[in-house]
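Survey of secondary and tertiary structure
The primary structure of each chain is shown beneath.
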Amino acid sequence: MTSGEIRKAFYDYFIERGHELVPSAPLVPGDDPTLLFTSAGMVPFKPYYLTESPPYGRAVSIQRCLRLSDLDEVGRSPYHMTFFEMLGNFSFGDYFKRETLEWGWDFLTNVLGLPADRLWATVHTDDDEAEDIWRNRIGLPAERIVRLGDEDNFWGPAGDSGPCGPCSEVHMDMGEERGCGREGCHPGCGCDRFFEIWNHVFPQFLQKTDTTREPLARPGIDTGMGLERLCCVVQTVDSIYRTDLLLPIVEAAAGEVEAATGERPPPGELGVGLSVMVDHARAATFTIAENINPSNESRGYVVRRLIRRAVRRGHEFGITEPFLYRLAGVVIENLGDAHPHIVQKREHIALVIKSEEERFHETLVAGSQLFEGIMERVRGAGSQVVPGDEAFRLYDTYGFPIDLTREMAAEHGLSVDIDGFASAMEEQKERGRRASAFGHGDAGPREWTGDAGVRDGSAVVESQFSGYDLTPADVAGTELANGASYSEPRKATVVRVRPAAKEGDVEFTLDRTPFYAEAGGQVADTGTVEGNGVSAGVVNVYVEDGHTVHVGRPGGGELRPGMSVEARVDLAVRRRTEKNHTATHLLQAVLRQLVGDHVHQSGSWVGPERLRFDFTHFAELDDSALHAIEDRVNAWIRADVPICPEWTALDDALSRGAMALFDEKYDDEVRAVSIPGVSLELCGGTHVGRTGEIGLFTIVSEGSVAAGVRRIEAVTGAGAAARARAHADLVGDTAGVLKCTPADIAARARALQDEHSKLRKDLSKERQKSAGETIGALAETARDVGGVRVVAARTEAADVADLRTQSDRLRDELGSGIGVLGAAIDGRNTVIAVVSQDLAGEGRVKAGDVVREVAQLTGGKGGGKPHLAQGGGGDPAKLDGALEAVYDIVAKLLSQG
């Protein structure tokens, strides 16, 4: 049976027995903060064991799962993986042990046709009921029923709390030759003879977060059977990697190795490397399909780690270019029928993985070289521990993850001083905190004057925001020469005062304030406070310990606690900032519509002059995409849609689909900003009243700021109009320089470009002619090494393509022989080795072997095919010596051949 046939048989069997077919839930548990990923089939059903009215009494599903507990076992065991699919049947207070065990036995033996005489069962030490069912109802011989304790036969909960209970497992006897040879060997022994197929869990208890348990009011059933493991026994293969679920990916991975090195891994030797590449390609494909993108935090870090582990294994095979994204394509081809959502995300998955591969490759090459040096120093000192500060240098300088350092160290019998690493990390953070201290936080102790607690027997209100509904002041003279215009005055009382970090400035809090403090990416308001002969310009506003602190620049008099003042906000600055803030909401909505629902805000900055919006995406947006985004935003601006803010319960806002920032902490009551028909976001910032007030939206730039994070900068309103005017002036000036009309600028530029290209081609032909004469002369200097003509020399190639052309010409000139050419191109070593077809075909010398040894002499790396190989990197000063060593290297390889 194929895996597809097994899926269908499982579904059909339990649907016939009254089970509701439930599609797989996402890999991210929707309402279980105790779990990073869905790690078992029962996770989506946890609440149903605790309610008296579940939506159905019986369910069947095949759940996508990701489990990291077996990460280090991938490839070392033929049966372990990180991503897998779990078949399961479930009961929520409906049926119990007898039904699930009898149905399970029937399905395995009569539907799948597994040999009954090779099946064993385990039960919990105290579970007489389960043993009785196996012996007296199913007829399993007593000698094939094994009682085991909590470690083997008690399951759950999934996470820190939830349903749990004893279980009964079904094992396949894989044969005495696979076992330990011990008399009486049985399931639980720990050897490879007995292979677990199906686990029937009997949730009878509810475990709380304090690990105490209480009986469940409605005991249920939760079974789990790994599809990949089941395919092993049904398809009679000795590894999950030889099932039809994974074998096509294995073949593709082996093909990647062969394409890069000219050698295909032996079919019977899967090894850790290929297994990791295959398993992690599957895991990355399914996580990214659910918009879990590589990052340095939480689930994103798991995805990044999986990709990088796979890339490192490929690098060990000699693969120096991105490959994992192609394996993801094979995963999609192989599993897309069962999981259509990964087909829909094919392009996005490939872009994300390839981008991560490209970024990590440079880190891997540089970090691996540094690690080799560290390892030599550690062993030279007679130690077995990589110092924490050395591990931190790998992380800080090259972005080498600490878990990767630990993994590489373990492969060489070393450990890593994790406490030392953590200490070095904390020291750097402290240096960063000191270096980035923002004015108000770096001036030593500054004591407050005033009492924020109780005054005159009444509680003192402090920092209540009253600035969402500001209106302009209708007072002559409020329009200032610098373009500022003040809001109507808001009465307030000074609560506390202290000196500011900058000499001469003062910091103060108010009982209620119209000034917006910098938060959520929106800059702070500016303005004035005046009263009782005192005036101060407000130049900054920030939040400290939950209170709004105003930074004032005194203009006269002294602010004192208890003083009544009038606060005015510079509305010109506020209004321009609000245009940009509302535009970011429109921008995010458009990006999710036009680019994909994987787009999420990753950061923003909103000021009066411009906006900056960072978002998750792994590819550059071309001009046509940017124009489409601009057009859609401006269409919504012209539609003059009202902005509708409201205070509401957090759960209510999220249930309505409100966008929230990942890992942001929200109160139970939140402010939701709705643009009807466009977007709904949790946002405490200030906005325009209608989208039409924005006027115009223009994108200034789009680019990458981090792995998987893009940034758009834009301007709105008067800023966008000024930019359009500046572009029109530029077009006019350019037309004048080119002596053409603005409409003919592109044609005139192309004509000049064509003329320049022709001149470059003429120059290239002259260079090739000269190089041909040089290469001909080099061929005449060939030395005889063991009867083979060998040439090694340094050239002045302009680029890598030029060096390849020279190498091909040298091979032609030699006829039969070996040539190695090197050049320092843009300050970086590049070495190319060519071997004539007669020598490469006989296997006497391979170009990849030659270039690998030459590159190592410079501190670089290289590899390739038998007749052509390329290397690079290392110290340019060592290039000449490495080329001179070619003759000895060839002699050695010939003697070995």
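Structure first, text after, so check above.
Presented here is a report on the structure given in the accompanying data block. (Residues numbered from 1 in each chain as written. Predicted model: local features only at pLDDT ≥ 70, side-chain atom pairs only at ≥ 80, totals over all residues. Heavy atoms only, no water.)

**Considerations on helix α22 (residues 847-858)**
Note on helix geometry: an α-helix contains 3.6 residues per turn, so any two residues three or four positions apart are oriented the same way. Spanning 12 residues, α22 covers 17 Å between terminal C-alpha atoms, matching the ideal 16 Å at 1.5 Å per step. For α22, the set of buried residues is Ala847, Gly848, Val850, Val851, Val854, Ala855 and Thr858. One face of α22 carries all of its buried residues, which in axial projection span an arc of 160°. Buried residues along α22 sit in contact with β33 (818-825), β34 (828-835), β35 (861-864), β36 (868-872), α23 (879-884) and α24 (886-896). Phi turns positive, to about 90°, at Gly859, one or two residues after α22. (Helix = DSSP H or I, 4+ residues; strand = E, 2+ residues; numbered from the N terminus. Expected span 1.5 Å × (residues − 1). Buried < 20%, exposed > 50% of the residue type's maximum accessible area, 1.4 Å probe, protein only. Arc of directions from axis to C-beta. Contact = heavy atoms within 4.5 Å.)

**Regarding the sheet that holds strand β27 (residues 669-675)**
The three strands lie next to each other as β26-β27-β28, forming an open sheet whose pairing is antiparallel. The sheet terminates laterally at β26 (644-649) and β28 (679-682), the two strands that pair on one side only. Strand-to-strand twist in this sheet, taken as the mean axis angle between neighbours without regard to direction, amounts to 30°. Sheet topology note: the β26/β27 ladder contains six bridges and is antiparallel. Within β27, the position partnered with Cys644 by the bridge is Ser674. (Pairing = 2+ DSSP bridges. Axes fitted to C-alpha atoms, helices over the stretch in contact; angles between N-to-C directions.)

**Points about the environment of Arg359**
Position of Arg359 among the secondary structure elements: in helix α11 (residues 346-380). The class of Arg359 is partly exposed, set by a relative accessible area of 35%. Along the chain, Arg359 and Arg308 lie 51 residues apart, while their C-alpha atoms are 10.0 Å from each other. A polar contact of 2.7 Å, which involves the side chain of Arg359, links it to the side chain of Ser704. (Polar contact = N/O pair within 3.5 Å; in protein donor to acceptor, adjacent residues only side chain to side chain.)

**Brief notes about the side chain of Arg490**
Counting through the fold element by element, Arg490 comes out in strand β17 (residues 490-499). On the basis of relative accessibility, which here comes to 18%, the residue Arg490 falls in the buried class. In terms of polar contacts, Arg490 uses its side chain to reach the side chain of Asp469, at 3.0 Å. Ignoring any residue separated from it by four or fewer positions in sequence, one finds Arg490 in contact with Ser466, Asp469, Leu470, Pro514, Val565, Glu566 and Ala567.

**Here's the deal with helix α16 (residues 623-638)**
With 16 residues, α16 should reach 22 Å at 1.5 Å per residue; the first-to-last C-alpha distance of 22 Å fits that figure. When α16 is considered as a whole, its buried residues turn out to be Leu626, Ile629, Glu630, Val633, Asn634, Trp636 and Ile637. Down the axis of α16, the buried set is contained in an arc of 155°. They therefore lie on one face. Those residues of α16 that are exposed and aimed more than 90 degrees away from the buried face are Ser624, Asp631 and Arg638. Next to the buried residues of α16 lie α15 (571-594), β29 (697-706) and β30 (709-716). One or two steps after α16, the chain reaches Asp640, where phi turns positive at roughly 55°.

**Side note on the pattern of salt bridges**
If you walk through the whole model with that rule in mind, you get 60 salt bridges. One salt bridge in this structure joins Glu85 and Arg7, with 2.5 Å as the shortest N-O distance. Here the residue Glu85 occupies a position in strand β3 (residues 83-91), and Arg7 occupies one in helix α1 (residues 3-15), the gap between them amounting to 78 residues. With respect to burial, Glu85 and Arg7 carry one shared label: buried. Between Arg575 and Glu578 there is a salt bridge, and its shortest N-O distance comes to 3.0 Å. With Arg575 and Glu578 both in helix α15 and three residues apart, this pair spans about one turn of that helix. Here Arg575 falls in the partly exposed class, since its relative accessible area comes to 29%. With relative accessibility at 3%, the residue Glu578 sits in the buried group. Among the ionic contacts, a cluster of salt bridges with common partners joins Asp72, Arg309, Arg312, Arg313, Glu316, Glu407 and Glu411. (Salt bridge = Lys/Arg side-chain N within 4 Å of Asp/Glu carboxyl O.)

Don't take any of this as a statement about function, it's just geometry.
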